[in-house]
Amino acid sequence: MTQDGDVDSLVRQRIRGLRVARGWSLDDLGSRCHQSASTLSRIETGARRISLDQLSGIARALDTTLDQLVASDSDDDVVIRPQRNEEQGFTSWQLNGDNGPQGMTVAKLRLTRPAPTRGAGELPVHPGRDWFTVLSGTVVLFLGERTIRVEAGEAASFSTMTPHSFGAEGGPAEILAIFDHGGERTHLH
């Protein structure tokens with residue numbers, strides 16, 4: 001099968017899968033996208049080519065996008081492998097691909113670096129916001145003049161225009177973090 005045939009087959013499977021997952025018959029979907037049940041049946045089975053206007057109406061009716069219907073079915077990104085950064089004292093697992101929600105990066109971090117000490121240099125700033133929740137251990141967050149201890153089960157959210165830095169206290173800590181582009185560059189690289 002050609003690459004176009006692979007995408008065509010995948011789109012047909014996704015249309016049928018989304019329809020069935022909603023518990024809709026072909027008539028139900030047809031009434032929502034203004035196409036006949038027989039046309040939809042032929043589209044799902046491959047007996048009819050799908051035009052862009054048909055696909056657009058079907059996507060809207062199924063509450064999805066054309067991009068999601070035709071996206072690659074590659075399994076290349078299924079396994080997430082950790083990236084060690086010994087210099088900065090953490091291991092990271094980036095949990096989303098290049099196009100995270102609203103340009104955000106979701107990552108799990110295992111912090112081994114201790115919390116910085118006050119007066120050890122200027123704290124970095126960058127545009128945006130950071131958010132993290134502590135999965136295990138304790139994280140010390142320096143936020144401007146404040147020192148905040150964030151324990152397992154707690155979360156922190158803050159403007160990254162405030163000078164900030166964080167590290168583990170009393171041994172390694174694991175966090176789940178959401179960074180904007182500035183935060184990703186600052187904290188993961």
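Refer to the structure above for everything that follows.
Criteria and cut-off values
Residues numbered from 1 in each chain as written. Predicted model: local features only at pLDDT ≥ 70, side-chain atom pairs only at ≥ 80, totals over all residues. Heavy atoms only, no water. Helix = DSSP H or I, 4+ residues; strand = E, 2+ residues; numbered from the N terminus. Buried < 20%, exposed > 50% of the residue type's maximum accessible area, 1.4 Å probe, protein only. Contact = heavy atoms within 4.5 Å. Areas by Shrake-Rupley, 256 points an atom, 1.4 Å probe, with all protein chains shown as cover. Pairing = 2+ DSSP bridges. Core = buried A, V, L, I, M, F, W, Y, C linked by side-chain atoms within 4.5 Å.

Asker: Residues and numbers for the overall build of the protein, please.
Answerer: Summing up its helical and strand segments, the protein has six helices and seven strands in all. N-terminal to C-terminal, the α/β element order of the protein is α-α-α-α-α-β-β-β-β-β-β-β-α. Out of the 189 residues belonging to the protein, those deemed buried represent 36%. Of the contacts made within the protein by residues no fewer than 6 positions apart, 61% connect residues no fewer than 24 positions apart. For the protein, the computed accessible surface area is about 11,200 Å², with 49% contributed by carbon and sulfur atoms.

Asker: Got a sec to walk through the pairing of strand E3 (residues 105-111)? Specific residues and values, please.
Answerer: Burial along E3 is one-sided: Thr 105, Ala 107, Leu 109 and Leu 111 are buried, and none of Val 106, Lys 108 and Arg 110, which face the opposite way, are. Taken together, the five bridges between strand E2 (residues 90-94) and E3 define a ladder with antiparallel strand orientation. Bridge pairing links Thr 91 to Arg 110 in E3. As defined by bridge partners, E3 adjoins strand E7 (residues 164-179) across seven bridges and the pair is classed as antiparallel. Bridge pairing in E7 places Leu 109 opposite Ile 175.

Asker: Account for helix H4 (residues 52-61), naming residues and giving values.
Answerer: Every buried residue belonging to H4 is among Gln 54, Leu 55, Gly 57, Ile 58, Ala 59 and Ala 61, and all of these are buried. Phi for Asp 63, located one or two positions after H4, is positive at around 55°.

Asker: An account of the nonpolar core is requested, with residue identities and associated values reported.
Answerer: The biggest cluster of nonpolar side chains holds 17 residues, and the ones touching the most others in it are Leu 111, Phe 132, Val 139, Phe 166 and Ile 175. Put simply, the parts of the chain that give this core at least two residues each are E3, strand E4 (129-143), strand E6 (155-159) and E7. A per-element tally of this core places E7 first, with six residues. Once residues within four sequence positions are removed from consideration, Ile 175 is found in contact with Ala 107, Lys 108, Leu 109, Leu 111, Phe 132, Thr 133, Val 134, Leu 135, Val 139 and Phe 166. Counting residues in each nonpolar core, the second largest holds 13 residues, with Trp 24, Leu 29, Leu 40 and Leu 62 among its members.

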